[in-house]
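# Structural overview for review
The residues making up each chain are set out below.
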Amino acid sequence: MSTIQIRTMPSEKLAKSILSGVTPAAKETFKLDSWDPAVFISDLLLQNTSNEKIPKTYEQTSKSMSVAFAKGIGSYSSYMDTIGFEPSIAVARELKDQQQLYKFVTEERSEGYPPHLEVVPPIDVFEKEDIFAENGPDGETNINQSSIGDLEGDIDPNKKWYSDAIFAQQNFTGINPTTIESAGKWVSRFTVEAQRQRLDKTMAQLLERADPASLFVQDCSYFREAFGFSAKDQQKNIADPGGCFRGSTRWGCAAVTLFQLDPQGKLHPLAIAIDYKESLEKSVTIFNKRLSPSQTNVDQETDWPWRYAKTCAQVSDWIRHELAIHLTNTHLIEEGIIVAAHRTLPSDHAVNRLLSPHWIKTLSLK
Ligand SMILES: [Fe+2]
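Residues numbered from 1 in each chain as written. Predicted model: local features only at pLDDT ≥ 70, side-chain atom pairs only at ≥ 80, totals over all residues.

## Quick word on the pairing of strand β4 (residues 267-273)
For β4, the tally of buried residues reaches seven of seven residues, placing the bulk of the element in the interior. Here strand β3 (residues 256-261) pairs with β4 via six bridges, running antiparallel. Residue pairing across strands places T257 opposite I272, the latter belonging to β4. Joining the antiparallel neighbours β3 and β4 is a turn of five residues, in which G265 adopts a positive phi near 85°. One ladder, built from three bridges, connects β4 with strand β5 (residues 285-287); its direction is antiparallel. (Buried ≥ 20, exposed ≤ 12 C-beta atoms within 10 Å, placed from the backbone. Helix = DSSP H or I, 4+ residues; strand = E, 2+ residues; numbered from the N terminus. Pairing = 2+ DSSP bridges.)

Now the structure itself:
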């Protein structure tokens, strides 16, 4: 026989809520005395086998729904995990409950950061292993390693990943496609440097004759000043005893990359200052031996100085993407938006329903 004990009757407010059809509070905030879900599940099974009509009261219904909800979430998550998708189920809460869960940190404790969350609510807490877990049946990770191969095939099956074509393409559809810009003052600077390296008949001549509108740069020359390094400092990671970079030394660089867009619409890298230090003359600048995308008398695979220069350019591009585009312009802004939305928009608001699936696991990334 059932061991479910009904201890309280629904309050008047709760009864009105039920009669008006308002969604009851979420399971996390619904007030329950202590109870054991495992015992409750066995009770439900007993009642099912004895064909009794369940549930009977509001509290019983709430408990039943809580268990069913949790079991549903578990099954749904398992299913999504197996097929390799992120599960997302919106949780209905009253606005005042959301305002209790999602609070901005006070200005005194903000440490100079933009408005952000004070404490991550339990429902938004995910372990690092869950955020970056292998999520597919074939062990494929969230960061799809095979996409490198796909990218290569998408552009031109004859191009290798280290080729100039792939390198240039990365600046449009790679990790950071937002900062390529008109070369401007860099045209004359690279021209002078090409002359200094006695490339008068090749690169210097090309730059002198080129339409300035066809030349573009990825300019990371401001990195040293931005990070507080002088021209003589080595850009390596600071001590990180408890962090993920402990025990290793990682190096940064402030590359400037010059490109030319040819009449056929192909972007081609011409020169790279691998770590800009006040001027090109004081820096190491490497020019591409291939003056155009169609030049074939240079082996791109074994042109190691140029390949190293392209690596430096990608390192700079990645640093800028992570710190400026990804962290500052995305996460630091997004977190404020998430908290503000939870504090002002009811959970069934159209905007909230549209955006909230994109916020799964975001707040745990701190
Ligand atoms: Fe992110």
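So that's the structure; there's more coming.
## What about the confidence of the model for the protein?
Looking at the protein, pLDDT values average 78 and 69% of them are 70 or higher. Counting interchain partners and residues more than four positions distant, the pLDDT-below-50 stretch residues 1-11 has 16 contacts. Of the regions scoring below 50 in pLDDT, residues 135-154 engages in 14 contacts with residues more than four places distant in sequence or in other chains. (pLDDT = per-residue confidence, 0-100. Contact = placed C-beta atoms within 7 Å.)

## Overview of the packing of helix α8 (residues 186-196) against helix α9 (residues 200-209)
Where α8 contacts α9, the axes come no closer than 9 Å and their chain directions differ by 165°. Taken together, the axis directions place α8 and α9 in an arrangement best described as roughly antiparallel. With respect to the hand of their crossing, α8 and α9 are arranged in left-handed fashion. When α8 is examined against α9, the residues V187, F190, T191, A194 and Q195 are found in contact with a partner set consisting of D200, M203, A204, L207 and E208. (Axes fitted to C-alpha atoms, helices over the stretch in contact; angles between N-to-C directions. Parallel < 35°, antiparallel > 145°, perpendicular 65-115°, else oblique. Left-handed = near helix turned anticlockwise from the far one by under 90°.)

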